Amino acid sequence: MTILVLGGAGYIGSHTAYELIERGEDVVIVDNLETGYKEAVHPKARFYQGDIRNREFIDSVFDCEKIDAVIHFAANSLVGESMVKPLKYYDNNLCGTKVLLESMVEHKIDKIVFSSTAATYGEPERVPILETDRTMPTNPYGETKLSMEKMFHWTSMAHGLKYVSLRYFNACGAHKSGSIGEAHNPESHLIPLILQVPNGQREAISIFGDDYDTKDGTCVRDYIHVTDLAQAHILAVEYLMKGNESNIFNLGNGIGFTVQEVIEASRKVTGDPIKAVTVPRRAGDPAKLIASSEKAKSVLGWKPEHADLEEIIESAWRWHQSHPRGYAK
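All of these numbers come straight from a predicted model, not from anything done at the bench.

Draft legend 1. Region of interest: the nonpolar core. One finds Ile-12, Val-27, Val-113, Val-164, Leu-166, Tyr-168 and Leu-251 to be the most contacted residues of the largest nonpolar core, which totals 35 residues. Elements supplying a minimum of two residues to this core: strand 1 (2–6), helix 1 (11–22), strand 2 (26–31), strand 4 (69–72), strand 6 (162–168), helix 7 (226–241), strand 11 (247–251) and helix 9 (294–300). For this core, the element with the highest residue contribution is helix 7, accounting for 9 residues. Residues in contact with Val-164, not counting those within four places in the same chain, are Ile-112, Val-113, Phe-114, Ala-236, Tyr-239, Leu-240, Asn-247 and Phe-249. In terms of nonpolar packing, the next biggest core, distinct from the first, is built from 25 residues, Leu-4, Ile-58, Met-104 and Phe-114 among them.

Draft legend 2. The sheet that holds strand 6, seen in detail. Across the sheet, 7 strands lie side by side as 3-2-1-4-5-6-11; this open sheet has parallel pairing. Strands with a single pairing partner mark the edges of an open sheet, and in this sheet they are strand 3 (46–49) and strand 11. Mean inter-strand twist for the sheet, computed between neighbouring axes without regard to direction, equals 15°. Relative to strand 4, strand 1 runs parallel, the two sharing 4 bridges. Directly across from Leu-6, in strand 4, lies its bridge partner His-72. Its contacts with the sheet put helix 2 (residues 55–64) on strand 1, strand 2, strand 3 and strand 4, and the angle it makes with strand 3 is roughly 160°. In the packing of helix 7 onto the sheet, contacts are made with strand 1, strand 4, strand 5 (111–115), strand 6 and strand 11, and the angle to strand 6 comes to roughly 160°.

Draft legend 3. Quick look at the pattern of salt bridges. Scanning the entire structure with this criterion turns up 22 salt bridges. In this structure, Arg-46 and Asp-26 form a salt bridge, with 2.8 Å as the shortest nitrogen-oxygen distance. Taken together, the residues Arg-46 in strand 3 and Asp-26 in strand 2 connect sequence positions 20 residues apart. On the accessibility criterion, Arg-46 (31% relative accessible area) is partly exposed. Given the relative accessible area of 27%, Asp-26 is considered partly exposed. Overlapping salt bridges, with partners in common, bring together Arg-55, Asp-59, Lys-98, Glu-102 and Glu-106 in one network.

Draft legend 4. Representation of the side chain of Thr-258 in the model. Turning to its location among the elements, Thr-258 is positioned in strand 12 (residues 257–258). With a relative accessible area of 1%, Thr-258 lands in the buried category. For Thr-258, the side chain forms a polar contact with the side chain of Asp-216, separated by 2.7 Å. Those residues in contact with Thr-258 that sit more than four places away from it in its chain are Lys-215, Asp-216, Thr-218, Cys-219 and Val-220.

Draft legend 5. Spotlight on the pairing of strand 1. Extensive coverage of strand 1 is indicated by the burial of 5 of its 5 residues. Of the two faces of strand 1, the one lined by Thr-2, Leu-4 and Leu-6 and the one lined by Ile-3 and Val-5 are each fully buried. Where strand 1 meets strand 2, 5 bridges bridge the pair, whose relative direction is parallel. Residue Thr-2 lies in a different strand from strand 2, and its bridge partner there is Asp-26. Traced from strand 1 through helix 1 to strand 2, the parallel crossover comes out right-handed.

Draft legend 6. Highlighting helix 10 (residues 309–322). Taking 1.5 Å per residue, 14 residues should reach 20 Å; helix 10 reaches 20 Å between its end C-alpha atoms and fits that length. Residues of helix 10 that are buried include every one of Leu-309, Ile-312, Ile-313, Ser-315, Ala-316, Trp-317, Trp-319 and His-320, and no others. Buried residues along helix 10 sit against strand 7 (170–172), helix 6 (190–195), strand 10 (223–225), strand 12 and helix 8 (259–270). Two or three places before Glu-310, at the opening of helix 10, Asp-308 has a side-chain oxygen 3.2 Å from that residue's backbone nitrogen.

Draft legend 7. Structural detail: the layout of surface pockets. Of the voids in this model, the second largest pocket is the one considered here, and its volume is about 250 Å³. The wall of the second largest pocket is formed by 18 residues, among which Ala-183, His-184, Pro-324, Arg-325 and Gly-326 lie closest to the centre. Considered class by class, the residues forming the lining of the second largest pocket number 7 nonpolar, 8 polar and 3 charged.

Draft legend 8. Focus on unusual backbone geometry. Cis geometry is adopted by the peptide bond preceding Pro-128, which originates at Val-127 and carries an omega value of 0°. One non-glycine residue with positive phi stands out, namely Leu-33, at about 60°. Among the secondary structure elements, Leu-33 is positioned in the loop between strand 2 and strand 3. Note on Leu-33: relative accessible area 22%, which makes it partly exposed. Phi at Lys-108 is positive, roughly 60°, even though this residue is not glycine.

Draft legend 9. Main features of the packing of helix 8 against helix 10. Contact geometry for helix 8 and helix 10: axes closest at 9 Å, N-to-C directions at 60°. Between helix 8 and helix 10, the crossing angle belongs to the class labelled oblique. In this structure, helix 8 meets helix 10 at a crossing whose hand is right-handed. Judged by residue contacts, Glu-261, Val-262, Ala-265, Ser-266, Lys-268, Val-269 and Thr-270 of helix 8 engage Leu-309, Glu-310, Ile-313, Glu-314 and Trp-317 from helix 10. Across the contact of helix 8 with helix 10, the residue classes break down as 6 nonpolar, 2 polar and 4 charged.

About the thresholds
Residues numbered from 1 in each chain as written. Predicted model: local features only at pLDDT ≥ 70, side-chain atom pairs only at ≥ 80, totals over all residues. Heavy atoms only, no water. Core = buried A, V, L, I, M, F, W, Y, C linked by side-chain atoms within 4.5 Å. Buried < 20%, exposed > 50% of the residue type's maximum accessible area, 1.4 Å probe, protein only. Helix = DSSP H or I, 4+ residues; strand = E, 2+ residues; numbered from the N terminus. Contact = heavy atoms within 4.5 Å. Pairing = 2+ DSSP bridges. Axes fitted to C-alpha atoms, helices over the stretch in contact; angles between N-to-C directions. Salt bridge = Lys/Arg side-chain N within 4 Å of Asp/Glu carboxyl O. Polar contact = N/O pair within 3.5 Å; in protein donor to acceptor, adjacent residues only side chain to side chain. Right-handed = clockwise from strand over helix to strand, strands pointing away. Expected span 1.5 Å × (residues − 1). 1 Å grid on protein atoms, 1.4 Å probe; cavity = no way out; pocket = protein on both sides within 12 Å on 5 of 7 lines; lining within 4 Å. Points joined across faces, edges and corners; volume = space filled by probe spheres on them. Nonpolar A, V, L, I, M, F, W, Y, C, P; charged D, E, K, R; others polar. Parallel < 35°, antiparallel > 145°, perpendicular 65-115°, else oblique. Left-handed = near helix turned anticlockwise from the far one by under 90°.

Quick look at the structure:
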């Protein structure tokens, strides 16, 4: 199979490309390197630098390569930034996907796996969240991802496109080889921020509120190892290649960890006391966000292999110790 990975120089995209290549698949990567890194591109992948909003560019990729399926990670994904720059998110996430789908339809490429988000649900009605639960995003990031899902649905109805949308929360950890990992600028994810303390890059980690209705008062979130997420995307491609219908799956660990538990596990892994400072709550932070992934397990056969929190943090710590500035030299 020849798989096109859009955003394949980014965090989850690069790990998915590595897993595909390890399985012997042929991989083509497209990335504009706005937030991705050329150093994260697997040496065996064919890389095209460009933007999916550029129809001439994306047409040229489909003209040059015989693509069997697309995995789509090419989107802006910072909740906070989306609140202050909503039009950036509509432009990249929605306009880019529209151009992509026009080109796919013209080139008769009819299978796509989409990296969505559990932010499509907004404030959850219940925990763990099911795929059938109400979708009411509370930020432009979640809104644009939900709109992208609807774009796939209507394109499917009109043109026979088959798609799988994967909704998940916090990707974390790093590749077992230590050659690729998480590198965001600025960093906004909890585990890398915590690990900046023992790495000497920040004095303390902030805990945004300790009075939530949870076991220790801090927010509960779903953390999934990035390699397990990559495997789910590959299983979704295989699901479509077998002729199955379009579908939506949550990906979660089903239990969730509190912020305090993640900090404590990081102290164990690093051997550092990791100073933590409690600060006021952030607006819009729900107490608990946990996704049920029973459907993905039963339909796709997904089995997360790195669910242990300390194992996740160990892989992240190996990466951040050897790459304290990410891919920057």
